[in-house]
Amino acid sequence: MRSQQKPQLHEDWIDSYALRIVRNLQEAGFETYLVGGCVRDLLVGIHPKDFDIATNALPNQVRKKVPNAYVIGRRFKLVLVKRGDQQFEVATFRRNVTQDELNTLGDEAVDGDNYFGTVEEDAQRRDFTANAVFYDPVKHKLIDHCGGIQDIENRVLRMIGDPKERLIEDPIRILRAIRLSHKLHFSIESSMRAAIAECSGELKKSVLPRRREEWLKFLRLKEPHLAFMELFDLHILEQIFPGLHSVFMDPAKMEIFEIHLARINLAGIDKQDSTELFAGFMMAFLKAQYGEDPWNHDELMNDSRLAYFMREEVGIFKQETAVFFKALHIMQGLHRIESYSRKGERRQMAFIHNEAFGLALKLAHMDYSLSGAEMQYWVQQVEKYRDGMPVKSSEETRH
């Protein structure tokens with residue numbers, strides 16, 4: 001059975017829609033490959049989450065040849081292909097342009113990052129060698145212009161080009177490097193590690209939405225606390241995550257944070273749901289920073305430092321914050337089973353159907369605040385009101 005086999009660079013493990021898009025463009029005469037994380041992950045035996053496609057077809061040519069394809073972006077035009085609830089990015093090969101070339105072009109300069117090039121030029125623009133391997137799933141051929149295959153075999157994460165220059169060019173690569181080294185269990189090549197330590201302050205220039213996306217990816221790692229610990233050791237937390245840095249400065253708080261963060265997996269937190277994932281992170285953070293005892297929820301909600309941490313350091317959206325605080329409030333009610341049981345069925349159903357109830361149950365699981373019997377009681381209540389009001393039997397109606 002496929003599920004029992006190790007993922008590998010084989011047609012069985014290539015998404016059928018992605019394969020069809022590649023074949024479609026190749027049959028139209030365009031050079032087209034799978035590229036980036038999907039190729040890298042299959043080479044190390046990991047299930048790819050996304051399949052990205054690179055081609056020498058221009059965005060509008062892709063749109064004409066591939067059904068349900070839409071050109072998106074202005075600075076970096078690419079094509080989004082929709083297949084059911086999946087979507088695939090198809091990017092045209094890019095190349096770097098020099099300032100001299102831009103000066104020569106003058107008014108003819110292209111808007112944004114849309115200088116199209118060859119597959120080799122495209123490979124040189126990518127961040128790490130492991131992400132610059134192209135694969136032709138039709139001809140079963142690997143294309144490697146940067147030594148990525150060797151680095152994948154050696155389990156080394158290496159920057160393409162001068163590490164310091166590339167990190168200054170895009171400081172988010174610092175977070176990507178740390179995260180990928182933990183995801184793939186790769187070592188970071190020594191000159192890149194030195195550049196990361198030297199350039200950590202550059203991360204202050206990065207924009208919050210991109211950092212937010214990285215924090216979500218950190219939290220999806222199997223052992224996110226180890227990755228955060230490395231950020232602390234490299235003096236990165238103090239630059240862009242001072243609230244978490246203060247936790248790591250105190251060994252007792254750090255241990256509480258790590259213990260609770262590790263429970264995200266056990267509690268059934270949906271790692272694809274940003275609201276739930278950030279709620280799990282915040283639960284671990286609050287336990288470390290504010291202690292294990294029950295908190296004053298009004299004080300938490302009105303704590304300006306906590307609000308700043310959630311909004312400006314983590315990048316949690318207002319709606320996600322609202323659901324988290326609702327879940328904390330509901331958690332208090334989970335301990336008052338007697339009070340709940342005295343309520344009428346409509347009020348009971350309203351409590352169970354609250355948008356934050358499921359999350360509250362998971363957070364209670366995370367901090368072990370409910371006994372096994374209490375947890376079982378709430379699971380039964382969820383079942384009871386799953387489809388609305390329970391249907392009364394004719395026997396009950398007569399009495």
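Residues numbered from 1 in each chain as written. Predicted model: local features only at pLDDT ≥ 70, side-chain atom pairs only at ≥ 80, totals over all residues. Heavy atoms only, no water.

Chemist: For this particular structure, what's the right way to read the overall build of the chain?
Modeler: Looking only at helices and strands, the chain has 23 helices and 9 strands in total. Counting the 399 residues in the chain, one finds 47% classified as buried. Of the contacts made within the chain by residues no fewer than 6 positions apart, 67% connect residues no fewer than 24 positions apart. Surface accessibility of the chain: about 20700 Å² in total, with carbon and sulfur atoms responsible for 49%. Taking the 55 positively charged and 60 negatively charged side chains of the chain as two groups, their mean positions are separated by 5 Å. (Helix = DSSP H or I, 4+ residues; strand = E, 2+ residues; numbered from the N terminus. Buried < 20%, exposed > 50% of the residue type's maximum accessible area, 1.4 Å probe, protein only. Contact = heavy atoms within 4.5 Å. Areas by Shrake-Rupley, 256 points an atom, 1.4 Å probe, with all protein chains shown as cover. Lys, Arg positive; Asp, Glu negative; His and termini not counted. Charge placed at Lys NZ, Arg CZ, Asp CG, Glu CD.)

Chemist: Explain the sheet that holds strand β6 (residues 133–136) to me, please; I cannot follow it from the model alone.
Modeler: As summarised here, the arrangement of the 7 strands in space is β3-β4-β5-β2-β1-β6-β7, forming an open sheet in which the pairing is mixed. Two strands in the sheet have a free side with no partner beyond their single neighbour: β3 (69–72) and β7 (141–144). Neighbour to neighbour, the strand axes of the sheet diverge by 30° on average, direction disregarded. As paired strands, strand β1 (residues 32–35) and strand β2 (residues 52–55) are joined by 4 bridges and run antiparallel to one another. Each bridged residue has a counterpart across the sheet, and for T32 the counterpart in β2 is T55. Contacting β1, β2, β4 (78–83), β5 (86–92) and β6, helix α1 (residues 16–27) runs over the sheet at an angle of about 35° to β5. Its contacts with the sheet place helix α2 (residues 37–44) against β1, β2, β6 and β7, and it is angled at close to 60° to β1. (Pairing = 2+ DSSP bridges. Axes fitted to C-alpha atoms, helices over the stretch in contact; angles between N-to-C directions.)

Chemist: For this particular structure, what's the right way to read empty space enclosed by the protein?
Modeler: Going through the model one piece at a time under the given rule, you end up with 1 cavity of 30 Å³ or more. If you go around the largest cavity, the residues you meet are L219, L221, K222, P224, L261, A262, I264, N265 and K271. By residue class, the composition of the lining of the largest cavity is 6 nonpolar, 1 polar and 2 charged. (1 Å grid on protein atoms, 1.4 Å probe; cavity = no way out; pocket = protein on both sides within 12 Å on 5 of 7 lines; lining within 4 Å. Points joined across faces, edges and corners; volume = space filled by probe spheres on them. Nonpolar A, V, L, I, M, F, W, Y, C, P; charged D, E, K, R; others polar.)

Chemist: Hey, could you run me through the packing of helix α10 (residues 208–219) against helix α11 (residues 224–233) in this one?
Modeler: Two numbers describe a pair of packed helices, the interaxial angle and the distance between the axes. In contact at an axis separation of 8 Å, α10 and α11 are set at 130° when each is read in the N-to-C sense. By the criterion of interaxial angle, the relationship of α10 to α11 is oblique. Mapping the contact onto sequence places W215, F218 and L219 in α10 and P224, A227, F228 and L231 in α11. Split by residue class, the contact of α10 with α11 holds 7 nonpolar, no polar and no charged. (Parallel < 35°, antiparallel > 145°, perpendicular 65-115°, else oblique.)

Chemist: Would you explain the packing of aromatic side chains in this entry?
Modeler: Aromatic ring pairs are defined here through the distance separating the ring centres and the angle between the ring planes. Applying the stated rule across the entire model yields 26 aromatic pairs. Look at Y17 and F88: their rings are 6.5 Å apart centre to centre, the planes differ by 65°, and that puts the pair in the edge-to-face class. Taken together, the residues span a long stretch of sequence, with Y17 in helix α1 and F88 in strand β5 at a distance of 71 residues. The exposure class assigned to Y17 is partly exposed, which follows from its relative accessible area of 29%. Judged by centre distance (5.9 Å) and plane angle (70°), the ring pair of Y33 and F134 falls under edge-to-face. Here Y33, found in strand β1, pairs with F134, found in strand β6; they are 101 residues apart in sequence, far enough to count as distant. By relative accessible area, which is 7% here, Y33 ends up buried. What links up through ring pairs into an aromatic cluster is the set W215, F218, F228, F232, F241, F248, F257, F281, F285 and F309. Above the face of the Y70 ring, K82 is positioned so that its terminal group lies 5.6 Å from the ring centre. (Phe/Tyr/Trp six-rings, centres within 6.5 Å; stacked < 30°, edge-to-face > 60°. Lys NZ or Arg CZ within 6 Å of the ring centre and 35° of its normal.)

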